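Breakdown of the fold
Residues per chain, in single letters:
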Amino acid sequence: MSACKTLARASLSRIQWKPRTLVFPLKFHSLSPLYPCRLLPPCLSSFDLSSVPGCRIEARSAIIRRYGCSEAAVPLEIESSKSNTEVSSDQKTSLHVPEDSCVDTVVELLTEQKEVSRFMKMERRPEAEGNAQLQRWFPYLDKFKVGSVYLSSNEVLEAIDPYLMEGRKERFRKAVKNRTYSVCLVVEGLSDYGNVSAAFRSADALGIQSVHVISRDSSKRYRDNRHVSMGAEKWLDIELWNSPLECFRVLKSRGYRIATTHVGMDAVSIYDMDWSCPTAIVVGNEHKGITEDALSLSDMHCSIPMKGMVDSFNVSVAAGILMHHAVCDRTSRTGCHGDLTPEERQTLLAEFSLRHSNSAVSIANEYAKRKKMSSR
């Protein structure tokens, strides 16, 4: 019914009709009064509503709303006395979902360091010092900082949950349940935005939460964005690095082994690897592949066995195959892919809720203010 109402708002200045032998009432919400349309003469092939006496045609733009939050539940019908953009106070909520930006987010993320940090909301865990190596990596602390006040993940969820629709919350819970940090993706020196975006999309779809991007040329990182990420970058933890040495040093301190994709005599088939071990998968440039620095610093080389005449996949396709096989192998060995503890799931769930929209952060900020006032 809502779809019909939306379509009825489209321009009705000209509607093509085929001759009919039946008499029927023409009923549209934008027409007043109802006008009975009778059999058209054979000489008429079209019917111009604007020429019908007594009919008033109102051009209204279709109202498009998202259904990720309670604001989207506002009915499409708005009283005629109000403008199309006006909503009554009882229909408004504090949680606002902004419109999509015309500037592609992946471009901003990969060209400006500050754009990456704005996605991460909860406090980050400090890196291991010296040669210390963690057995298991999870990047977030159970803290969201608002000025001098810290909110726990439970408090963040308590503040934001009333403003999210049940379907959205269930989507968050399902995604978090299937997330892991035990496998991460590293893309080195890719020059095509489309390949980077496609790799991001595959990582999100397969539950790989952590993605790392190593820039080959900081003055001109990428080109030719094709808008294929479908917003996946919003839900991933993306970290940018200037060199393989810098990236691999941090990953090894977090407990990862570095597996670079490379066709060589020492390369191990991905089907012979144990993916239950924390592993960072590294894919290289579309034309030149993995750099010599990355190859020498990695712990192992791996390859996808080829059965045809060509000897390589497109880099984004290769990344998707690697991550998919890692998920399947981990599931067969451990029984599941997602391996977060209940505490980590709640923290990541709070992180997702905060990333939902800028209004979600504002709601959490107001909650923190009330908490501070009550503690005095």
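Reading guide: rules and limits
- Residues numbered from 1 in each chain as written.
- Predicted model: local features only at pLDDT ≥ 70, side-chain atom pairs only at ≥ 80, totals over all residues.
- Heavy atoms only, no water.
- pLDDT = per-residue confidence, 0-100.
- Contact = heavy atoms within 4.5 Å.
- Core = buried A, V, L, I, M, F, W, Y, C linked by side-chain atoms within 4.5 Å.
- Buried < 20%, exposed > 50% of the residue type's maximum accessible area, 1.4 Å probe, protein only.
- Helix = DSSP H or I, 4+ residues; strand = E, 2+ residues; numbered from the N terminus.
- Pairing = 2+ DSSP bridges.
- Expected span 1.5 Å × (residues − 1).
- Polar contact = N/O pair within 3.5 Å; in protein donor to acceptor, adjacent residues only side chain to side chain.
- Phe/Tyr/Trp six-rings, centres within 6.5 Å; stacked < 30°, edge-to-face > 60°.

Right, let's talk about the confidence of the model for the protein chain for a bit. The share of residues in the protein chain with pLDDT of 70 or more is 63%, and the mean pLDDT across the chain is 75. Counting contacts from residues 3-15, a segment whose pLDDT is below 50, to residues more than four positions away or on other chains yields 24 contacts. Across residues 218-226, where pLDDT falls below 50, the model places 31 contacts with residues more than four positions away in sequence or in other chains.

Take the nonpolar core next. With 45 residues, the main nonpolar core has Phe144, Leu151, Tyr181, Leu251 and Leu354 as its most contacted residues. Element by element, the count of residues in this core is highest for helix H11 (residues 358-374), at 6 residues. Dropping the residues within four chain positions of it, Tyr181 is found in contact with Trp137, Phe138, Pro139, Tyr140, Gln209, Ser210, Asp237, Tyr256, Asp339, Leu340 and Leu348. Of all hydrophobic cores here, the second largest spans 31 residues; its members include Ala199, Leu240, Ala326 and Val327.

Attention now moves to the pairing of strand S9 (residues 237-241). Among the 5 residues that make up S9, 5 are buried, leaving the element largely enclosed by the rest of the structure. The alternating pattern of S9 places Asp237, Glu239 and Trp241 on one face and Ile238 and Leu240 on the opposite face, and all of these are buried. Where strand S8 (residues 208-214) meets S9, 5 bridges bridge the pair, whose relative direction is parallel. Bridge assignment links Ile214 to a residue of S9, and that residue is Trp241.

Given 3.6 residues to a turn, an α-helix orients residues that are three or four positions apart in the same direction. Across its 13 residues, helix H6 (residues 193-205) extends 18 Å between first and last C-alpha, which sits within 8% of the 18 Å expected from 1.5 Å per residue. What H6 keeps buried is the set Tyr193, Gly194, Asn195, Val196, Ser197, Ala199, Phe200 and Ala203. Of the residues trailing H6, Gly207 is marked for its positive phi of about 80°.

On to the pairing of strand S12 (residues 279-283). In terms of burial, S12 is a largely internal element, 5 of the 5 residues being buried. For strand S7 (residues 180-188) and S12, the ladder comprises 5 bridges, and the chain directions are parallel. Its bridge partner lying in S12, Val187 is registered against Val283. Summarising the sheet, strand S10 (residues 257-261) and S12 pair through 4 bridges and their orientation is parallel. From the neighbouring strand, Ala259 faces S12, where its bridge partner is Ile281.

Turning our eyes to something else, we now look at the environment of Arg136. Mapped onto the fold, Arg136 is located in the loop between helix H3 (113-117) and strand S5 (144-146). A residue is classified by how much of its surface remains accessible, and Arg136, at 38% relative accessible area, is partly exposed. A sequence separation of 120 residues divides Arg136 from Tyr256, and the C-alpha atoms of the two residues are 8.7 Å apart. Setting aside residues no more than four positions away along its own chain, Arg136 makes contact with Asp339, Leu340, Thr341 and Glu344. Only 2.5 Å separates the side chain of Arg136 from the backbone oxygen of Asp339, close enough to count as a polar contact. A polar contact of 2.7 Å, which involves the side chain of Arg136, links it to the side chain of Glu344.

Given two aromatic rings, one states the distance between the centres and the angle between the planes to describe the pair. Under the definition given, this model contains 5 aromatic pairs. A centroid spacing of 6.1 Å and a plane angle of 70° characterise the contact between Phe138 and Tyr140, whose relative ring orientation is edge-to-face. For the pair Phe138 and Tyr140, one class covers both residues: buried. Summarising the aromatic geometry, the rings of Phe138 and Tyr181 are spaced 5.5 Å apart at their centres and angled 85° between planes, so their arrangement reads as edge-to-face. Here Phe138 is found in the loop between H3 and S5, whereas its partner Tyr181 is found in strand S7, with 43 residues between them in sequence. Classification of Phe138 by relative accessible area gives buried; the value is 4%. Taken together, the aromatic side chains of Phe138, Tyr140 and Tyr181 make up a single cluster linked through ring pairs.

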